[in-house]
Amino acid sequence: MATEVGEGDVTPRVTTAADARPRRWILHVDLDQFQVSVERLRAPELVGVPVIVGGAGDPHAPRTVVTCASYEARDVGVRAGMPLRTAHRKLPDAVYLPTDHETYDIASEEVMTVLRGLGHPVEVWGWDEAYVGADVEDPRALAATIIRRIREETGLTCAVGISDNKQRAKMATNFAKEQPPGTDRVDILTAETWMARMGDHPCRDLWSVGPKTAQKLTAMDVHSVADLVATPRETLVERFGNHQGTWLYVLARGGGDATITEEPHVARSHSKVQTFPTDVTDVDELHRRASALAADVLALVRAEGRVVSHVAVTVRTSTFFTRTKSRKLPTPTTHLTDIEPTVHTLLDRFELDRPVRLLGVRLDLVLDD
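Residues numbered from 1 in each chain as written. Predicted model: local features only at pLDDT ≥ 70, side-chain atom pairs only at ≥ 80, totals over all residues. Heavy atoms only, no water.

(A) Inspection of the overall build of the protein chain at higher detail. Scanning the protein chain from N- to C-terminus turns up 13 helices and 14 strands. The globule rule puts the C-alpha radius of gyration for 369 residues at 21 Å, and the 23 Å found for the protein chain is close to it. Counting the 369 residues in the protein chain, one finds 47% classified as buried. A separation threshold of at least 6 residues defines the contact pool for the protein chain, and within that pool the share at least 24 residues apart is 65%. Working note: accessible area of the protein chain is about 18,000 Å², and carbon and sulfur atoms make up 50% of it. Of the side-chain charges in the protein chain, 44 are positive and 53 negative, and the distance between the mean point of each set is 3 Å. (Helix = DSSP H or I, 4+ residues; strand = E, 2+ residues; numbered from the N terminus. Rg over C-alpha atoms; globule rule 2.2 N^0.38 Å. Buried < 20%, exposed > 50% of the residue type's maximum accessible area, 1.4 Å probe, protein only. Contact = heavy atoms within 4.5 Å. Areas by Shrake-Rupley, 256 points an atom, 1.4 Å probe, with all protein chains shown as cover. Lys, Arg positive; Asp, Glu negative; His and termini not counted. Charge placed at Lys NZ, Arg CZ, Asp CG, Glu CD.)

Printed below as a string of structure tokens:
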């Protein structure tokens, strides 16, 4: 089903599945506790303990806020945007870490590269969010593939919400996040299920409805999505103006924007991973696989006319312990003879005393000024 909202049109226009197959779907991909998860990839000892990222990592510094909190910290009320000092009063024993923009840029780009590699349009909404537009018959299968590929190729986890517009897909992600750990957290929210699932929810749960708007709606005795649907458009326009009033009218009914906008993409890095069907214990075999991965990634870099500045190697053991080691090259290069020795040096820095489940090589690229 495709939902469109045109200028002056406040009722979503619906195209049924019978009109066109496969259907056009929007998938909202939302990475879990992104900054914390990236920190845990390079420091697995942080898994299971409260972690708070923000500023320079000093919880006593003034005018700095939390940018990401682990689920353990969220359970005691720590939220993004909260002053670090307030977070420290709530959770003094948490691990406080500085915001590492460069590392998060690279990790996010790896995820977006995975998404783009699936062959569908991708609209990036920040480090940890993206929309994928896909004409497929089984969007759940695509969502499961997205979750698996991101996990295998980056070590990160995510939830996926599915619908036929961005707003409803994002709200479907909230339902997906309620799925138990260890499951593929996927949810579909459609026009047919919208009111049954969202009608009793507070208006604040609607995408883009902030606290001020919710407060104004409460003052109008509009508390739930069903209340908002029952409110005449004229009343909403009178209270909020034509643009916002009309938008609330559409949003309450599950309408939204189905456009995927792909911005020009310049990769910061290219990578390739291999998940072995049988865990590898032979170190020499790992080095042979690493050489092959490096050659494959470099071929892609050369095809784009790019130059390599850094090399990184990722190892995941059979216990899912994941670690990445990286090194800057003495001089930017496009020659395998300059890159391959660094790959082997990095691989030798791992304690390869456990069976290896996954091996990856990433080449970071020189960016034009």
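(B) Examining helix α1 (residues 34-42) more closely. The buried fraction of α1 is high, at eight of nine residues. Along α1, the residues classified as buried are Phe34, Gln35, Val36, Ser37, Val38, Glu39, Arg40 and Leu41.

(C) Highlighting the packing of helix α8 (residues 211-219) against helix α10 (residues 233-240). Here α8 crosses α10 at 125°, and the two axes come no closer than 12 Å. Classified by the angle between their axes, α8 and α10 sit oblique to one another. Viewed along their axes, α8 and α10 form a crossing whose handedness is right-handed. From α8, Thr213, Lys216 and Leu217 reach across to α10, where they touch Leu236, Arg239 and Phe240. Of the residues that constitute the contact of α8 with α10, the class distribution is three nonpolar, one polar and two charged. (Axes fitted to C-alpha atoms, helices over the stretch in contact; angles between N-to-C directions. Parallel < 35°, antiparallel > 145°, perpendicular 65-115°, else oblique. Left-handed = near helix turned anticlockwise from the far one by under 90°. Nonpolar A, V, L, I, M, F, W, Y, C, P; charged D, E, K, R; others polar.)

(D) Inspection of the nonpolar core at higher detail. Leu27, Val29, Leu115, Ile146, Ile150, Val160 and Ile162 are the most contacted members of the largest nonpolar core, which totals 36 residues. Those elements that provide at least two residues to this core are β3 (23-31), α1, β4 (51-53), α4 (101-116), β8 (129-136), α5 (139-154), β9 (158-163) and β10 (186-188). In this structure Val160 touches Leu27, His28, Val29, Ala143, Ile146, Ile147, Thr173, Ala176, Arg185, Val186 and Asp187, once residues within four positions along its chain are discounted. The next biggest cluster of nonpolar side chains, apart from the first, holds 25 residues, and it includes Phe276, Val280, Val315 and Leu329. (Core = buried A, V, L, I, M, F, W, Y, C linked by side-chain atoms within 4.5 Å.)

(E) Region of the structure containing unusual backbone geometry. For Gln33, which is not glycine, the phi dihedral falls at a positive 30°. The topology assignment puts Gln33 in the loop between β3 and α1. For Ser208, which is not glycine, the phi torsion reads 80° and is therefore positive. Of note, Ser208 is situated in the loop between α7 (194-198) and α8. The partly exposed category is assigned to Ser208, whose relative accessible area is 45%.

(F) Spatial organisation of the confidence of the model for the protein chain. Here the protein chain averages 89 in pLDDT, while 93% of its residues score no lower than 70. Note that pLDDT drops below 50 for residues 1-20; the model gives that stretch 31 contacts with residues more than four away or on any other chain. (pLDDT = per-residue confidence, 0-100.)

(G) Here's a closer look at the packing of aromatic side chains. Applying the stated criterion across every chain yields a total of five aromatic pairs. On the numbers, 5.4 Å between centres and 75° between planes, the contact of Trp125 with Tyr131 is edge-to-face. Residue classification places Trp125 among the partly exposed positions, given a relative accessible area of 36%. Overall, Tyr131 belongs to the buried group, its relative accessible area being 1%. One aromatic cluster in this structure is built from Phe34, Tyr104 and Trp127. Sitting above the plane of the Phe175 ring, Arg197 keeps its charged end 4.2 Å from the centroid. (Phe/Tyr/Trp six-rings, centres within 6.5 Å; stacked < 30°, edge-to-face > 60°. Lys NZ or Arg CZ within 6 Å of the ring centre and 35° of its normal.)

(H) Region of the structure containing the sheet that holds strand β6 (residues 95-97). Strand order in this open sheet of three strands is β5-β4-β6, and the pairing throughout is mixed. What marks the edges here is a single partner per strand, and that holds for β5 (68-69) and β6. For β4 and β6, the ladder comprises three bridges, and the chain directions are parallel. Bridging from a neighbouring strand, Val53 pairs with Leu97 of β6. The sheet contacts of α1 involve β4, β5 and β6, and relative to β4 the element is tilted by about 115°. (Pairing = 2+ DSSP bridges.)

(I) Representation of the sheet that holds β9. Read from one edge of the open sheet, five strands run β7-β8-β3-β9-β10, paired in mixed fashion. Of all strands in the sheet, those with a lone pairing partner are β7 (122-124) and β10, marking the two edges. For this sheet, the mean inter-axis angle between neighbouring strands, taken without regard to orientation, is 20°. Where β3 lies against β9, six bridges are found, and the strand directions are antiparallel. By the bridge assignment, His28 is partnered in β9 with Gly161.

(J) Broad picture of the pattern of salt bridges. Applying the stated rule across the entire model yields 21 salt bridges. The closest approach of N and O atoms between Lys166 and Glu123, which form a salt bridge, is 2.9 Å. One end of the pair, Lys166, is in helix α6 (residues 166-176); the other, Glu123, is in strand β7, with 43 residues separating them in the sequence. You can call Lys166 buried: its relative accessible area is 4%. Between Lys272 and Asp296 there is a salt bridge, and its shortest N-O distance comes to 2.8 Å. Taken together, the residues Lys272 in strand β11 (residues 269-280) and Asp296 in helix α12 (residues 283-303) connect sequence positions 24 residues apart. By relative accessible area, Asp296 is classed as partly exposed at 40%. (Salt bridge = Lys/Arg side-chain N within 4 Å of Asp/Glu carboxyl O.)

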